[in-house]
Structures are given as C-alpha cells and as structure tokens.
Amino acid sequence: MENKKAIIVGAGLVGTLWAILLAKRGYQVDVFERRGDIRKAELVGGRSINLAMSHRGWKALRKAGIEDTIRKVAIPMSGRKMHSVEGNLQFQPYGLEDQAIYSVSRGGLNLELMNIADDFSSVRFFFNHKCQGVDTRGTTIRFKDTQSGEVKDLEADIIFGTDGAFSAVRGSLQRTPRFNYSQHYLDYGYKELHIPPTADGGFALDKNALHIWPRGQFMLIALPNLDGSFTCTLFLAYEGKVSFEHLNTDEEILDFFNTYFADAVPLMPDLLEDFRDNPTASLVTVRCEPWTYQERILLMGDASHAIVPFYGQGMNSGFEDCSLLDDLMDEHSDDWPSIFEAFGQRVDDANAIADLALRNFIEMRDLVGDPLFLLRKKMEARFLQKYPEHFLPVYSMVTFSHIPYSQALAESHAQDELFRKILALPNIEQRWEAPEVDAIFQQWLESRQVALNTI
Ligand code: FAD
C-alpha cells in the first residue's frame, strides 16, 4: 500500500490501541471520537470504573509497548472472594499460584493509550466528531462536528469501526445485503456503587480478590482501585419479585441491601446517593457478520462483538482483535484483502466468548455458592496439578491462555460431561480424590483420543 492512511472511528480502548499499532507500522492515522478529550475532562479525576485485564489484554499492550506502564497501576486479583448472606468469606483461586487477573482503571488506561498514540506525529485525534455513517456505495465517511454543527464527508481508503456496541459504522453495514446482525438484551441491568477507602486510606476489603456476593438470581461484585476504594456493581433483574422495579424508596433500597448484602452496607456510606444518582444500565450481546466490507471497512471490538461482562473478556477480546490483526500484518504486510479474509474467521471465536460470558453469569451469581460447584473447582485444580499435559480448566483457557475462544467453548462442553459423571458418584464429597475419580478421568481422556483419531 503506497498511501498508508487509515481512519479509526471511536477513541475508546480498542480504537486508541489500534491507532498505536498502526502508527508503529508507518500509517497516518486519523482518529475521530464523538466525545470531548477525556484528558481535559473531569471524568478521569472522578470515580474510577475498573476492568479486569487478563492474558489476551496484556499481550496486546506488550505489542504496543505499554505493558509495564499499565502493570504498575494494576491490582492483581488472584481469586474470587465470596461473601455469604451471613457474611462468611470463602476464597477461590482463579488459577495457579502466580496467576491473577488485574483490576485496571478504564479511564486511566484509555488516557494512557491516548497519550502514547499522541506521541506519534502520524496520529491525529479529532474529538467532538460524531460519525453519522459510511457511504457504502462510494468511498466517504460522514462526521458531524458536534461543537460547530458542521457536517463533513471525508475520503477514506481504509476505515476501522471501533465505535462500540452501538456502532454507527456497523449501522451503515447493517443496511447492506447479506449482513447478519443480532442484538440481545439480558433481562438484567447493572448499577455502579462505591466503597470508599477506610479512614486511614486503606482498603476496606482484601484488595487482591474480586469480591462476589452471589445470591442465586442476582449478585454484587467489587473490584479494587488504586486509591483504596472499590467499584461495586449490582447485577439485578429489571422486573420481578426481587428487581430494580421494586427499589424506589430509601426504605426499599436499604431493606434490600440489609437483607442480601449486610456485610457490605457499612462499607458504603453513600449507598443511597449512589443508587439514586447512578443510572441502571443494560447488558447487550451483539453478534454480526461479516466484519469487513469491500476490503476497506473493518469492525473491531464491541462494534463487532459486544458481550456481557461476566467473563471479564469484552476489552480483552477487543485487544486480542488488535494483536491478531498485528500478527496478520506480519504475515501479509499491507495486503488488506488477505488480512481481512483471515481475520473474518475470528467470528466463531467472538460468538464462543459471547456464549461463555452468558454462561458465566449463571456461574457467578448462582453456582459459586453451590457446594457441588465448589467441589468441581477443587477437582479441576487437582486435575490441573496432576495431569498438566492433559487438563486445563476452561476458566484458565479463557483467562490465562491464548487458546481460541471457540476451542475453550468446545472444551467446556467436554468438561461438563466429565464432571457430570464424576459428580454422580455416591458420596463424592468424601471421595473426590479416590481412584474411581481418576479412572473416570482416564476413560474421558481415552474417549477424546479416540474421537480425535477418528476425525
Ligand atoms: P468502547 O469502549 O465502547 O469505545 C467506543 C468509543 O467510540 C467511545 O469512546 C465512544 O464515545 C466512541 N463512539 C461511539 N459512537 C461513536 C460515533 N458515532 N462516532 C465517533 N465515536 C463514537 N471487559 C473486560 O475485558 N474486562 C472487564 O472486567 C470488563 N468489565 C465490564 C463491566 C461492565 C459493567 C461493562 C458494561 C463492560 C465491561 N467490559 C469488560 C467490556 C469493556 O468495557 C468493553 O468490551 C470495551 O470497553 C470495548 O472497547 P471498544 O473500544 O470496542 O468500545
């Protein structure tokens, strides 16, 4: 490609990271963002919203050369800490001893990525520029300058749509023939709440864990922030017996929290204000295909695959889009038709992590408090220790590896089958390390080997 110019729509996490990777390859990149510059806004100084970063995210940051910078401001969470209704705590490690997911500030990470992108003279940011769509018959893209009101049609050789779950770029592609699209909302919404630091500036809860208050049909979670606070998120049905529709008065809200999350209430002095002031937001899964259009438009991140947050993989999978594309550029140089074709195969992986994330909602809100589920986790850890060549728990595949998501989803079905047999053994609670358990495991391994050999 002679004229190495690209337009990126959306300066969120994925768009800014992709701008850096393209700039490193000598591209002239113009990034258009609907919002104002977050570096000039109060946003970043305000309350932090945090995300869990894991292997796939770190790999992409390493490629961009900012892994070390972000690791310095990330808090490792080596497991889940479950809070029972009575206030008892139980810790469940996520993986091996040295493995952890990391709580990072979303605003802080976005800001850091923007600063690094800005260090390249070849990257230009255009804030307050809202994309209104792409001309799928011609070669232009339309933006409205939201401050002046001016509408501009810009020529673009190659466009990357990283404008999030409600992408305007995707909106234009949706009107083209044979573009498949679906969006599905959960009947659940979420609300962000806050646990401030203690009086002496410390953490009110163990900072090296992701805290979960699983309550069957709903849950509260909390992730640590560097300033000693925790960002909490309540996931609850919009309607029904226990739901947002019945939490209107101060009394109803306090009664709900005192009944289900009594140990958290004293830690949330601003509970009522937060509950009233913070919006109840929806949870959507977006699937679409193809992600490319005429070898000049490509959707990435939430624009092509928005998922529910229960596996902590939305940003991680968007960052994996970036590292995968970067790898493909190593292979195909600037041959975008070949890159687009190869990248299109990732749709199956995106659909797989969408399914896994929906499934993990049930695991987090319901099963993490179930004794048989906890027993399964103990056995998973034992199999991992004892048969490291043959067994990797699905959580570890998704979180601590780069194994394609579609493979992890297939493995989840196979492992469900294994544990269905093991957990059916009489008195399994007492005999979970007995030779019969290992015998079932061996049979399972052999049957998979046979299946593999017959393909
Ligand atoms: P976004 O971050 O949405 O960025 C899109 C950008 O495009 C924005 O800046 C937006 O202003 C801009 N834009 C939108 N429309 C236009 C337009 N028309 N013109 C110009 N600009 C536009 N992921 C994880 O990996 N780990 C987690 O722990 C995790 N927790 C989550 C918790 C919650 C409650 C939620 C809702 C999500 C969570 N996620 C998590 C998912 C993660 O936030 C998203 O996957 C990630 O932000 C996607 O990045 P993106 O850049 O694709 O989209």
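Sequence order as written defines the numbering, with residues in each chain counted from 1. A pLDDT threshold of at least 70 governs which residues receive local features in this predicted model, and a stricter bar of 80 or more applies before side-chain atom pairs are shown or counted, although totals over entire chains, interfaces and linings include all residues. Working from all heavy atoms in the structure, the side-chain values ignore hydrogens and water.

Caption draft 1: Geometry of the pairing of strand β11 (residues 151–155). We call two strands paired when DSSP finds no fewer than two bridges between them. Working definition: helices are DSSP H or I runs of at least four residues, strands are E runs of at least two. Numbering for both runs from the N terminus. By the bridge criterion, five bridges tie strand β10 (residues 140–145) to β11 in an arrangement that is antiparallel. Following the sheet pairing, F143 is matched in β11 by K152. Two successive antiparallel strands, β10 and β11, enclose a turn made up of five residues, where G149 displays a positive phi of approximately 85 degrees.

Caption draft 2: The arrangement of the pattern of salt bridges in detail. Any carboxyl oxygen of Asp or Glu that lies within 4 Å of a side-chain nitrogen of Lys or Arg is treated as forming a salt bridge with it. Applying the stated criterion to the full structure yields 31 salt bridges. For R25, the salt bridge is made with D330, and the minimal N-O distance between the two is 2.6 Å. Of this pair, R25 sits in the loop between α1 (13–24) and β2 (28–32) while D330 sits in helix α9 (residues 314–332), placing them 305 residues apart in sequence. Classification of R25 by relative accessible area gives partly exposed; the value is 23%. Notably, a salt bridge pairs K63 with D327, separated by 2.6 Å at the nearest N-O pair. Of this pair, K63 sits in helix α2 (residues 55–64) while D327 sits in helix α9, and the two are 264 residues apart along the sequence. Think of it in three bands: with a 1.4 Å probe and only protein chains considered, a residue is buried below 20% of the maximum accessible area for its type, exposed above 50%, and partly exposed in between. Using a relative accessible area of 21% as the deciding quantity, one classes K63 as partly exposed. Through salt bridges with shared partners, one network takes in R80, R359, E363, R376, K377, E380 and D416.

Caption draft 3: Quick look at the pairing of strand β6 (residues 89–93). Here strand β5 (residues 79–83) pairs with β6 via five bridges, running antiparallel. What sits directly across from R80, in β6, is Q92. Taking the residues between adjacent antiparallel strands as the criterion, β5 and β6 are bridged by five residues, where G87 takes a positive phi near 95 degrees.

Caption draft 4: Up close: the packing of aromatic side chains. Geometry of aromatic contacts follows a simple scheme: Phe, Tyr and Trp rings, the Trp one being its six-membered ring, pair when their centres are within 6.5 Å, and the pair is stacked under 30 degrees between planes, edge-to-face over 60, tilted otherwise. What the rule picks out here adds up to 37 aromatic pairs. An angle of 45 degrees between the planes, with centres 6.1 Å apart, marks the rings of F383 and Y387 as tilted. Of the two residues, F383 and Y387, both sit in the buried class. Should the NZ of a Lys or the CZ of an Arg lie within 6 Å of a ring centre and within 35 degrees of the ring normal, that charge is described as sitting over the ring. Stacked on the ring of F125, the Lys or Arg R39 has its end atom at 5.7 Å from the ring centre. The ring centre of Y102 lies 5.1 Å from the NZ or CZ of R71, which sits over that ring.

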